[in-house]
Amino acid sequence: MTQDLDTLLTALYVKIDDSIRTRRWRGRPPRLTDSELVCLAVAQVLLGARSEAHWIRYARIHLHGMFPYLPQRPGYNKRLRAALPLIKKTLRDLARDSDFWFDNHWIVDSTPIPCGMSRPTVQRSDMAGWAGYGYCASHSRFFWGLRLYLVCTPAGMPILWALANPKIGEREVLAAMLEHDADLVADRTGVLLISDKGFASKPFERRLAEDHGIELLRPSRKKEKARYGEPMLKKVRQLIESVNDTLKGQLDLEQHGGRTFAGVAVRIAQRLLAMSAAIWHNNKTGAPVTRSLIAYDH
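Everything in this summary refers to the structure shown in the same document. (Residues numbered from 1 in each chain as written. Predicted model: local features only at pLDDT ≥ 70, side-chain atom pairs only at ≥ 80, totals over all residues. Heavy atoms only, no water.)

**Notes on the layout of surface pockets**
1) Next: By volume, the largest pocket is sized at about 560 Å³.
2) Next: Surrounding the largest pocket, 20 residues form its lining, K88, W161, A162, H180 and D181 being those nearest its centre.
3) Next: Contributions of two or more residues to the lining of the largest pocket are made by α5 (84–96), β4 (158–164), α7 (170–180) and α11 (261–285).
4) Next: Examining the composition of the lining of the largest pocket, we find that seven residues originate from one element, β4, more than from any other.
5) Next: Here the lining of the largest pocket is composed, by residue class, of 15 nonpolar, one polar and four charged. (1 Å grid on protein atoms, 1.4 Å probe; cavity = no way out; pocket = protein on both sides within 12 Å on 5 of 7 lines; lining within 4 Å. Points joined across faces, edges and corners; volume = space filled by probe spheres on them. Helix = DSSP H or I, 4+ residues; strand = E, 2+ residues; numbered from the N terminus. Nonpolar A, V, L, I, M, F, W, Y, C, P; charged D, E, K, R; others polar.)

**Let's talk about the packing of aromatic side chains**
1) Next: Evaluated as defined, the whole model comprises three aromatic pairs.
2) Next: Ring centres of W55 and Y58 lie 5.8 Å apart, and the angle between their planes is 20 degrees; this geometry places the pair in the stacked category. Taken as a pair, W55 and Y58 lie in helix α3 (residues 52–62) at a separation of three residues, close to a single helical turn.
3) Next: The exposure class assigned to W55 is buried, which follows from its relative accessible area of 1%.
4) Next: On the basis of relative accessibility, which here comes to 31%, the residue Y58 falls in the partly exposed class.
5) Next: The interplanar angle of 15 degrees and the centroid separation of 4.1 Å between the aromatic rings of W130 and F261 together place this pair among those described as stacked. You can see W130 sitting in the loop between α6 (119–124) and β2 (132–136) and its partner F261 sitting in helix α11, a full 131 residues away along the chain.
6) Next: Take W130: its relative accessible area is 46%, and that puts it in the partly exposed class.
7) Next: The partly exposed category is assigned to F261, whose relative accessible area is 24%. (Phe/Tyr/Trp six-rings, centres within 6.5 Å; stacked < 30°, edge-to-face > 60°. Buried < 20%, exposed > 50% of the residue type's maximum accessible area, 1.4 Å probe, protein only.)

**Some remarks on the state of the cysteines**
1) Next: For the structure on display, the rule yields zero disulfides.
2) Next: Of all cysteine sulfurs in the structure, the one in C115 sits closest to C136, which takes part in no disulfide; the separation is 14 Å.
3) Next: For C136, a relative accessible area of 4% puts it in the buried group. (Disulfide = S-S within 2.5 Å.)

**Quick look at the pattern of salt bridges**
1) Next: On inspection of all chains with the given rule, the structure shows twelve salt bridges.
2) Next: Of the charged contacts in the structure, one is a salt bridge between R73 and E52, with a shortest N-O distance of 3.7 Å. Placement of the pair is R73 in helix α4 (residues 73–82) and E52 in helix α3, with a sequence separation of 21 residues.
3) Next: On the basis of relative accessibility, which here comes to 36%, the residue R73 falls in the partly exposed class.
4) Next: E52 gets classed as buried once you look at its relative accessible area, which sits at 7%.
5) Next: A salt bridge links D97 to K284; its shortest N-O distance comes to 3.5 Å. Placement of D97 in the loop between α5 and β1 (105–116) and of K284 in helix α11 is noted, with a sequence separation of 187 residues between them. (Salt bridge = Lys/Arg side-chain N within 4 Å of Asp/Glu carboxyl O.)

**Focus on the side chain of S35**
1) Next: Locating S35 in the fold gives a position in helix α2 (residues 34–46).
2) Next: Excluding residues within four positions of it along the chain, S35 makes contact with Y13, I16, D17 and I20. (Contact = heavy atoms within 4.5 Å.)

Set out below in structure tokens:
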């Protein structure tokens, strides 16, 4: 199997179409199926098209062979937002169908998702009540928006993800994520969760061990005795930073363009799915670097 965008989209289309149940439509069925819609959304992110209007114009000319019918921009936007549950399901299906699903080493981190850059934008935004002000210590900057919490394998395959107000504590969000997917965690034994100092708390670590059987590996705080396994954390922590760099540098995570919570959520899921699809396809084709997007970004 070759590694190019057409092959990736074809394999992804077959995967999605086999996993969803065909709807019984009242009246005329849509000319663009759900499977085609999700593949179109993945191609948009991989080719770096931030504007949906620009993307539809581009796809009409260059992707007409794969997508004979394309809706107008408002129709594409409406269909895409409604497809968020399918995108979430596809994310999980791709992870299950890869070798990385059986990895019991997980990495957790959070990264800012800016949703506004000016005070008037904050005052008029439909994100009010969801977004908030936060501080990114890695880049020494304040932002207004949300935080993306991502639990992934060392290869970068997303396992769990969530968007939360930056004022909510990191441990609180992670506990809610694990509680929401308790069945997923219960099926695993000996999970080692690697985090930074932001998740440090002895009661929280005991809760993870007692409720989910998860061992937390994190750096020691100041005036705290060096923890077991701490010397290996620097190399491992670089993995999650490289995953964030892939999402931000190659998939334009911070330039999502969402103006409502539904719009932001589906655009973040769209980028996570694009990265997952590339990792899944690289794994299936035996590529040496599973998180490489070079074969699909042109």
